[in-house]
Amino acid sequence: MTKIKSKKEKPLTLTDLANYNQEVLFPYLDENFVTKKYLDEKLDEKLDEKLDEKLVALTKLDDIVGKLDKLIAEKDVQKYQDQKQKTILEIHNKSLDRGKILTPEESSQIAKMSFF
């Protein structure tokens, strides 16, 4: 029995192997395997997305802290104003009990309580 060799069955040369690799094998590998370059690009994209999310969160947190600082300051001012009003009312009530006249000391004490 002799085998009939077709024209397609010729000996494989190094040039044929290199051409096969360039035309068939390497494109197949690129389509089916992940490369380091691809992973680096995707990793950079994901890191950029995460950094953007973190920056947005930190910006919102800064806004909240700023608003809290303002509220705390307003609370302190309100507390001072309430204490001042209470003291002034006590002074006025004492003067009403005496005959509706403020003493110079009481007038100076009220003047010292101005906030601004």
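Everything numeric here is computed off the predicted structure, so don't read it as measured data. (Residues numbered from 1 in each chain as written. Predicted model: local features only at pLDDT ≥ 70, side-chain atom pairs only at ≥ 80, totals over all residues. Heavy atoms only, no water.)

## A look at the overall build of the protein chain
Working step 1: When helices and strands are tallied, the protein chain shows three helices and zero strands.
Working step 2: Helices and strands in the protein chain line up, N terminus first, as α-α-α.
Working step 3: For the protein chain, whose C-alpha radius of gyration is 43 Å, the value lies well above the compact-globule estimate of 13 Å for 116 residues.
Working step 4: Classification of the 116 residues of the protein chain by burial places 7% in the buried group.
Working step 5: As displayed, the protein chain has an accessible area near 11200 Å², and 60% of this comes from carbon and sulfur atoms.
Working step 6: The average position of the 22 basic charges and that of the 23 acidic charges among the side chains of the protein chain differ by 3 Å. (Helix = DSSP H or I, 4+ residues; strand = E, 2+ residues; numbered from the N terminus. Rg over C-alpha atoms; globule rule 2.2 N^0.38 Å. Buried < 20%, exposed > 50% of the residue type's maximum accessible area, 1.4 Å probe, protein only. Areas by Shrake-Rupley, 256 points an atom, 1.4 Å probe, with all protein chains shown as cover. Lys, Arg positive; Asp, Glu negative; His and termini not counted. Charge placed at Lys NZ, Arg CZ, Asp CG, Glu CD.)

## Here we look at the confidence of the model for the protein chain
Working step 1: Mean pLDDT over the protein chain works out to 82, with 91% of the residues at or above the 70 mark.
Working step 2: Ranking the elements of the protein chain by mean pLDDT puts helix H3 (residues 104–112) last with 79 and helix H2 (residues 36–98) first with 87. (pLDDT = per-residue confidence, 0-100.)

## Regarding H2
Working step 1: For H2, which comprises 63 residues, the first-to-last C-alpha distance of 92 Å matches the rise-based estimate of 93 Å (1.5 Å per residue) to within 8%.
Working step 2: Buried within H2 we find Lys84, Thr87, Ile88, Ile91 and Ser95.
Working step 3: On its buried side, H2 packs onto H3.
Working step 4: In the stretch just after H2, Gly99 is the one whose phi turns positive, near 130°. (Expected span 1.5 Å × (residues − 1). Contact = heavy atoms within 4.5 Å.)

## Describing a negative patch on the surface
Working step 1: Residues Glu41, Asp44, Asp48, Glu49 and Asp52 make up a contiguous surface patch of negative charge.
Working step 2: Looking at where Asp44 falls in the secondary structure, it is placed in helix H2. (Patch = residues over 30% accessible without salt bridge, like charges linked within 9 Å, V, L, I, M, F, W, Y side chains within 5 Å. Salt bridge = Lys/Arg side-chain N within 4 Å of Asp/Glu carboxyl O.)

## Some details on the pattern of salt bridges
Working step 1: Under the criterion given, the structure shown has three salt bridges.
Working step 2: In this structure, Asp40 engages Lys36 in a salt bridge whose closest nitrogen and oxygen atoms are separated by 3.1 Å. Residue Asp40 and its partner Lys36 are both found in helix H2; the two are separated by four residues, about one turn of the helix.
Working step 3: Take Asp40: its relative accessible area is 33%, and that puts it in the partly exposed class.
Working step 4: You can call Lys36 exposed: its relative accessible area is 63%.
Working step 5: Linking Lys50 and Glu53 is a salt bridge whose minimum nitrogen-to-oxygen distance equals 3.9 Å. Taken as a pair, Lys50 and Glu53 lie in helix H2 at a separation of three residues, close to a single helical turn.

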